[in-house]
Amino acid sequence: MTVSEQRQHVEIDSRDDIELRLGADVVHLPIVRSVAANIAMRADFDLDAISDLELAVDEACATLIALAAAESILGCRFTIGSDEIAVTASVRSDHTEAANTSSFGWQVLNTLTDSAVTWSEPDGVGSGQHLVSIGLSKRRPVVAG
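Below or above, wherever it landed, is the structure these notes cover.

About the thresholds
- Think of each chain on its own: its residues are numbered from 1, step by step along the sequence as written.
- In view of the model being predicted, local features appear only for residues whose pLDDT reaches at least 70, and side-chain atom pairs are presented and counted only at 80 or more, with totals across whole chains, interfaces and linings using the full set of residues.
- Based on all heavy atoms of the structure, the side-chain values leave hydrogens and waters out of the count.
- Working convention: axes come from line fits to C-alpha atoms, limited for helices to the stretch in contact. Angles between N-to-C directions cover 0 to 180 degrees.
- In DSSP terms, a helix is any run of H or I states spanning at least four residues, a strand is any run of E spanning at least two, and both are numbered starting from the N terminus.
- Put simply, angles under 35 degrees are roughly parallel, angles over 145 are roughly antiparallel, angles from 65 to 115 are roughly perpendicular, and the rest are oblique.
- The hand of a helix crossing depends on one turn: near helix anticlockwise from the far one by less than a right angle means left-handed, and clockwise means right-handed.
- The contact criterion used throughout is that any non-hydrogen atoms of two residues lie within 4.5 Å.
- Should DSSP find at least two bridges between two strands, the strands are regarded as paired.
- Nine residue types can take part in a nonpolar core, namely buried Ala, Val, Leu, Ile, Met, Phe, Trp, Tyr and Cys, and a core is a set of them joined through side-chain atoms within 4.5 Å.
- Any residue under 20% of the maximum accessible area for its type is buried, any over 50% is exposed, and the rest in between are partly exposed; the area is computed with a 1.4 Å probe on protein chains only.

Interhelical geometry of helix 3 (residues 47-67) versus helix 4 (residues 104-112) gives an angle of 150° and a closest axis separation of 9 Å. Here helix 4 runs roughly antiparallel to helix 3, going by the angle between their axes. Two packed elements cross with a definite hand, and for helix 3 against helix 4 that hand is left-handed. Taking contact as the criterion, the partners of Asp52, Leu55, Ala56, Glu59 and Ala60 in helix 3 are, on helix 4, Gly105, Leu109 and Leu112.

As structure tokens, this is what we get:
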């Protein structure tokens, strides 16, 4: 999936979306993990898929927190589809690059999710900062039977 396809996918206007805004600090990671796990449980994902999504969201948010500018807010949006959950997380950063896709953490994201992309764009408010984002999705496992 290309970055533009991923953005289109996660920017669906849905009243069932859940969006969190937290200080970009590792002390908030348990909250984001808990929300991810709860959403996956309510979407009837199996235990392995719930755990995978929880770990992937944790890794994506930890990666972004490491790139965050001082006093930045971590935004995390969960879009619940009929057979998948898409997550977009973003922070303002002094870095112009997207997250490092050759890191071990990125390999973990690719293993735990069905798709993972990252991008960076000017923040749009003239601060010279960039909005660094990670988008990922996890599909509900198909049960053979």
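Still more to cover.
The next point concerns the sheet that holds strand 4 (residues 115-122). Strand pairing within a sheet occurs via backbone hydrogen bonds; the two strands may be parallel or antiparallel. The strand order 1-2-3-5-4 describes an open sheet built from five strands, whose pairing is antiparallel. Each end of this open sheet is capped by a strand with a single partner; those strands are strand 1 (18-23) and strand 4. On average, each strand axis in the sheet is inclined to that of its neighbour by 15°, with strand direction left out of account. Inspection of the sheet shows strand 3 (residues 84-93) paired to strand 5 (residues 130-139) by 10 bridges, in the antiparallel sense. Across the sheet, the residue bridging to Val87 is Leu136, located in strand 5.

This next bit is on the nonpolar core. One finds Val32, Phe78, Ile85 and Leu136 to be the most contacted residues of the largest nonpolar core, which totals 36 residues. When residues in this core are grouped by element, the largest group, 10 residues, is from helix 3. Look past the residues within four positions of Val32 in its chain and what remains in contact with it is Leu20, Leu22, Val57, Cys61, Leu74, Cys76 and Phe78.

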